[in-house]
Amino acid sequence: PAAVSGSGFPAAGSPLLIAIIPLAGVVTALPLLLFSVGTRALDLSLVGFLQYLAPTLMLILGVFAYGEPFTAAHAVCFGLIWSGLILYTTTKLNLWQKISKKKTDALPNE
């Protein structure tokens with residue numbers, strides 16, 4: 001049987017494939033590690049907002065470059081999601097402005 005002889009391993013007999021398989025793990029993990037390091041320097045609300053850009057860009061690419069169907073239901077869902085993001089972003093910006101103004105008002109006048 002293949003399990004006993006070791007011939008069931010997909011890269012059996014191929015040194016190139018045996019070397020590439022562990023490298024695939026590194027190639028997968030490295031961007032995730034870099035993302036983790038990068039997000040530590042950012043506000044998590046900004047990171048969350050940026051997470052919506054990739055699917056949006058994929059949607060635009062799929063619809064306009066690959067001719068994927070975009071129905072009225074898709075448009076309603078897309079609009080509701082981005083309406084929520086706009087509402088959240090404006091609320092967050094207003095909060096940041098209030099905090100910034102309080103910090104400025106708290107500074108002693110020279």
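Keep in mind that what you see is a predicted model, and the values were worked out from it rather than measured. (Residues numbered from 1 in each chain as written. Predicted model: local features only at pLDDT ≥ 70, side-chain atom pairs only at ≥ 80, totals over all residues. Heavy atoms only, no water.)

(A) Seen up close, the packing of aromatic side chains. Counted under the stated rule, the structure contains one aromatic pair. With centroids separated by 6.5 Å and ring planes inclined at 50°, the aromatic side chains of F78 and W82 adopt a geometry described as tilted. Placement of the pair is F78 and W82 together in helix 5 (residues 72-106), with a separation of four residues, close to one helical turn. You can call W82 buried: its relative accessible area is 18%. (Phe/Tyr/Trp six-rings, centres within 6.5 Å; stacked < 30°, edge-to-face > 60°. Helix = DSSP H or I, 4+ residues; strand = E, 2+ residues; numbered from the N terminus. Buried < 20%, exposed > 50% of the residue type's maximum accessible area, 1.4 Å probe, protein only.)

(B) Local environment of a nonpolar patch on the surface. On the surface, L42, L46, L50, L53, L57, I60 and F64 cluster together into a nonpolar patch covering about 650 Å² of accessible area. Looking at the element boundaries, L53 is found in helix 4 (residues 53-65). Residue L53 is classed as partly exposed on the basis of its relative accessible area, which comes to 33%. (Patch = residues over 30% accessible without salt bridge, like charges linked within 9 Å, V, L, I, M, F, W, Y side chains within 5 Å. Areas by Shrake-Rupley, 256 points an atom, 1.4 Å probe, with all protein chains shown as cover. Salt bridge = Lys/Arg side-chain N within 4 Å of Asp/Glu carboxyl O.)

(C) Structural detail: the confidence of the model for the protein chain. Averaged over every residue, the pLDDT of the protein chain is 84; residues scoring 70 or more account for 86%. Per-element confidence in the protein chain is highest for helix 4, whose mean pLDDT is 91, and lowest for helix 1 (residues 2-5), whose mean pLDDT is 56. (pLDDT = per-residue confidence, 0-100.)

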